[in-house]
Amino acid sequence: MNLLFAAEEAEEGGSGLVSPVIGVMLWTLIVFGITLIVLWKVAFPRIAEALDKRQRMIEESIDTAEKTKREADELLREYRERLSDARGQADDIVARARRTADAHEQESQAEARTKREEMMDQTRRDIEAETRRAIQQIRSEVADLTVLATEKVTRKSLDSSDQKRLVDEALAELDFAALANEERR
């Protein structure tokens, strides 16, 4: 029968696929409508629910990611502030240590200078005392030598007034100031 139907269509000059058949069209529309109603009632709500659920999940993920990013930014800002504070404190500590070291160094230098000056003054006093003692000893020895020399020359003992006069003359001839200057060198 198909051959007969195809032969009639060939004679009419058209193809069976192109010519509309009302019965087939009507059944196609009814089946399409029923399929659409079933999909509308059963499948589309589930698909819409799945899409809404997926959308909520994506939005929650985005919100969580944004919240995490804000927290990370806040932590980074806080870390940078603490790092800056720590650097400032470290700089303050180094500056205080330098000032303390400089003050200690100046104090030590001043103390060393004072001690050196005290030692120099003590050494000068010791030298002057030793010089005075040496000069006094020299005067005494010169006086004794003068008396001895005079006694030998004159072959007599001198009385105390002659002895004093001779010692004073001998001491006047000696230049004790020059001797003291030589001792200081």
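Residues numbered from 1 in each chain as written. Predicted model: local features only at pLDDT ≥ 70, side-chain atom pairs only at ≥ 80, totals over all residues. Heavy atoms only, no water.

Labelled according to an unreviewed UniProt entry, the chain appears under the name ATP synthase subunit b, originating from Solirubrobacter phytolaccae. Per UniProt, the chain carries the Sequence similarities (unreviewed entry) text "Belongs to the ATPase B chain family." Heading Subcellular location (unreviewed entry) of the UniProt record for the chain holds this comment: "Cell membrane". (UniProt positions renumbered as here; feature names shortened; annotations may be inferred.)

*Asks:* Help me understand the overall build of the chain in this model?
*Replies:* The helix and strand tally for the chain stands at 4 helices and 0 strands. Helices and strands appear in the chain in the N-to-C order α-α-α-α. The burial tally for the chain puts 8% of its 185 residues in the buried class. Summing over all exposed atoms, the chain offers an accessible surface of approximately 16500 Å²; the carbon and sulfur share of this is 58%. (Helix = DSSP H or I, 4+ residues; strand = E, 2+ residues; numbered from the N terminus. Buried < 20%, exposed > 50% of the residue type's maximum accessible area, 1.4 Å probe, protein only. Areas by Shrake-Rupley, 256 points an atom, 1.4 Å probe, with all protein chains shown as cover.)

*Asks:* So what exactly am I meant to see when it comes to the pattern of salt bridges here?
*Replies:* Two side chains that carry opposite charge are able to pair once their charged atoms sit near each other. Applying the stated criterion to the full structure yields 6 salt bridges. Arg82 is the salt-bridge partner of Glu78, the closest N and O atoms lying 2.8 Å from each other. A residue pair is termed a helical-turn pair when its members lie 3 or 4 positions apart in one helix, as Glu78 and Arg82 do in helix 2 (residues 22-154) at 4 residues. We classify Glu78 as partly exposed; its relative accessible area is 28%. Within the structure, one salt-bridge network assembled from shared partners comprises Glu74, Arg77 and Glu81. (Salt bridge = Lys/Arg side-chain N within 4 Å of Asp/Glu carboxyl O.)

*Asks:* Looking at this structure, how should I read the UniProt feature "coiled-coil region" (unreviewed entry) in the chain?
*Replies:* Sites flagged by UniProt as "coiled-coil region" (unreviewed entry) map to residues 58-96. Between the C-alpha atoms that bound residues 58-96 the distance is 56 Å, and the span itself is 100% helix and 0% strand.

*Asks:* Teacher, can you tell me more about the UniProt feature "transmembrane region" (unreviewed entry) in the chain here?
*Replies:* Within the UniProt annotation, "transmembrane region" (unreviewed entry) is assigned to residues 20-44. Between the C-alpha atoms that bound residues 20-44 the distance is 32 Å, and the span itself is 92% helix and 0% strand.

*Asks:* Got a minute to help me understand the packing of aromatic side chains in this structure?
*Replies:* Given two aromatic rings, their pairing is described by the distance between the two centres and the angle made by the two planes. If you walk through the whole model with that rule in mind, you get 1 aromatic pair. Judged by centre distance (5.9 Å) and plane angle (80°), the rings of Trp40 and Phe44 are edge-to-face. Within this pair, Trp40 and its partner Phe44 are both found in helix 2, separated by 4 residues, close to a single helical turn. We classify Trp40 as exposed; its relative accessible area is 60%. (Phe/Tyr/Trp six-rings, centres within 6.5 Å; stacked < 30°, edge-to-face > 60°.)

*Asks:* Would you take a moment to explain the nonpolar core for this structure?
*Replies:* Within soluble globular proteins, side chains that are nonpolar tend to cluster in buried spots. Val142, Ala143, Val147, Val167, Ala170 and Leu171 together form the largest nonpolar core, which totals 6 residues. Contributing elements (two or more residues each) for this core: helix 2 and helix 3 (160-173). The residues contacting Val147, other than those within four sequence positions of it, are Gln163 and Val167. (Core = buried A, V, L, I, M, F, W, Y, C linked by side-chain atoms within 4.5 Å. Contact = heavy atoms within 4.5 Å.)

*Asks:* What exactly am I supposed to notice about a nonpolar patch on the surface here?
*Replies:* There is a patch of nonpolar side chains on the surface, built from Phe32, Leu36, Leu39, Trp40, Phe44, Ile47 and Leu51 and spanning about 740 Å² of accessible area. Position of Ile47 relative to the elements: it lies in helix 2. (Patch = residues over 30% accessible without salt bridge, like charges linked within 9 Å, V, L, I, M, F, W, Y side chains within 5 Å.)

*Asks:* How should a negative patch on the surface be read in this particular structure?
*Replies:* Taken together, the side chains of Glu59, Glu60, Asp63 and Glu66 define an acidic patch exposed on the protein surface. Residue placement: Asp63 occurs in helix 2. Residue class for Asp63 comes out partly exposed when judged on its relative accessible area of 47%. (Lys, Arg positive; Asp, Glu negative; His and termini not counted. Charge placed at Lys NZ, Arg CZ, Asp CG, Glu CD.)

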